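# Overview (structure and organization)
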Amino acid sequence: MDFKKLGNALTVIGAVVLVGAFIWWFSFYSSVVREIGRATGRQGDASVFDAWSCLYSSSGICTLVTAVSTLAGRTAYEPMVFWFGLAGLVLGLLLRFTAKPSGTA
C-alpha cells in the first residue's frame, strides 16, 4: 500500500471537509445573526464571528441556537464535521511526511 498517496488523499479530503464545515457554519450562523437582528431591531450590532467558537464547539449559546433552530425545522450546523475534517487533514499530513517512498524496502 502506498501510504504517501493515502496521505495525499486524506489531506485533500480533510481540507475539503474543513472548507465545507466553514461554509456551512458561516451560512448557518449568518442567517441566525440576521434573524436575531430583525427580531430585536438592532441590525449591525452582532457579527457571525461572534459565534466563532461554534465552529469547533457545541457548548453554551451554540447548543441553544442549535436546539431552537432544530425546533424551527432548520438543519443546524454540526461542529463534528469540523473535527472530522481536521482529523483527516492532520492524519493525511502525518502519513504524507512520515511515509517512506514506495520504492524503498
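To be clear, the structure that these remarks concern was listed above.
Note that the structure is predicted; figures quoted are calculated from it, not measured. (Residues numbered from 1 in each chain as written. Predicted model: local features only at pLDDT ≥ 70, side-chain atom pairs only at ≥ 80, totals over all residues. Heavy atoms only, no water.)

## Looking at the packing of aromatic side chains
- Taken as a whole, this structure holds nine aromatic pairs when the rule is applied.
- Ring plane angle 40° and centroid distance 5.4 Å describe the contact between Phe 22 and Trp 25, whose orientation is recorded as tilted. Of this pair, Phe 22 and Trp 25 both sit in helix α1 (residues 3-40), separated by three residues, roughly a single helical turn.
- For Phe 22, a relative accessible area of 34% corresponds to the partly exposed category.
- For Trp 25, a relative accessible area of 0% translates into the label buried.
- A centroid spacing of 6.3 Å and a plane angle of 55° characterise the contact between Trp 25 and Phe 26, whose relative ring orientation is tilted.
- These aromatic residues form a ring-pair network of at least three members: Phe 22, Trp 25, Phe 26, Phe 28, Tyr 29 and Trp 52. (Phe/Tyr/Trp six-rings, centres within 6.5 Å; stacked < 30°, edge-to-face > 60°. Helix = DSSP H or I, 4+ residues; strand = E, 2+ residues; numbered from the N terminus. Buried < 20%, exposed > 50% of the residue type's maximum accessible area, 1.4 Å probe, protein only.)

## Some words on helix α2 (residues 61-71)
- Within α2, the full set of buried residues consists of Cys 62, Val 65 and Ser 69. One side of α2 carries all its buried residues, which in axial view fall inside an arc of 65°. Turned more than 90 degrees away from the buried face of α2 sit Leu 64 and Leu 71, all of them exposed.
- Check the buried side of α2 and you find it contacts α1.
- Trailing α2 by a residue or two, Gly 73 shows a phi angle of about 90°, which is positive. (Arc of directions from axis to C-beta. Contact = heavy atoms within 4.5 Å.)

## Observations concerning the nonpolar core
- Trp 25, Phe 28, Tyr 29, Cys 54, Tyr 77 and Phe 82 are the most contacted members of the largest nonpolar core, which totals 16 residues.
- At six residues, α1 tops the list of elements feeding residues into this core.
- Here Phe 28 is in contact with Val 65, Ser 69, Arg 74, Thr 75, Ala 76 and Tyr 77, once residues within four sequence places are set aside. (Core = buried A, V, L, I, M, F, W, Y, C linked by side-chain atoms within 4.5 Å.)

## Comments concerning the layout of surface pockets
- By volume, the largest pocket amounts to about 380 Å³.
- Lining the largest pocket are 19 residues, with Val 32, Val 33, Ile 36, Ile 61 and Val 65 sitting closest to its centre.
- Every element with two or more residues in the lining of the largest pocket is listed here: α1 and α2.
- With six residues, the single largest contributor to the lining of the largest pocket is α2.
- Class assignment of the residues belonging to the lining of the largest pocket gives a composition of 13 nonpolar, three polar and three charged. (1 Å grid on protein atoms, 1.4 Å probe; cavity = no way out; pocket = protein on both sides within 12 Å on 5 of 7 lines; lining within 4 Å. Points joined across faces, edges and corners; volume = space filled by probe spheres on them. Nonpolar A, V, L, I, M, F, W, Y, C, P; charged D, E, K, R; others polar.)

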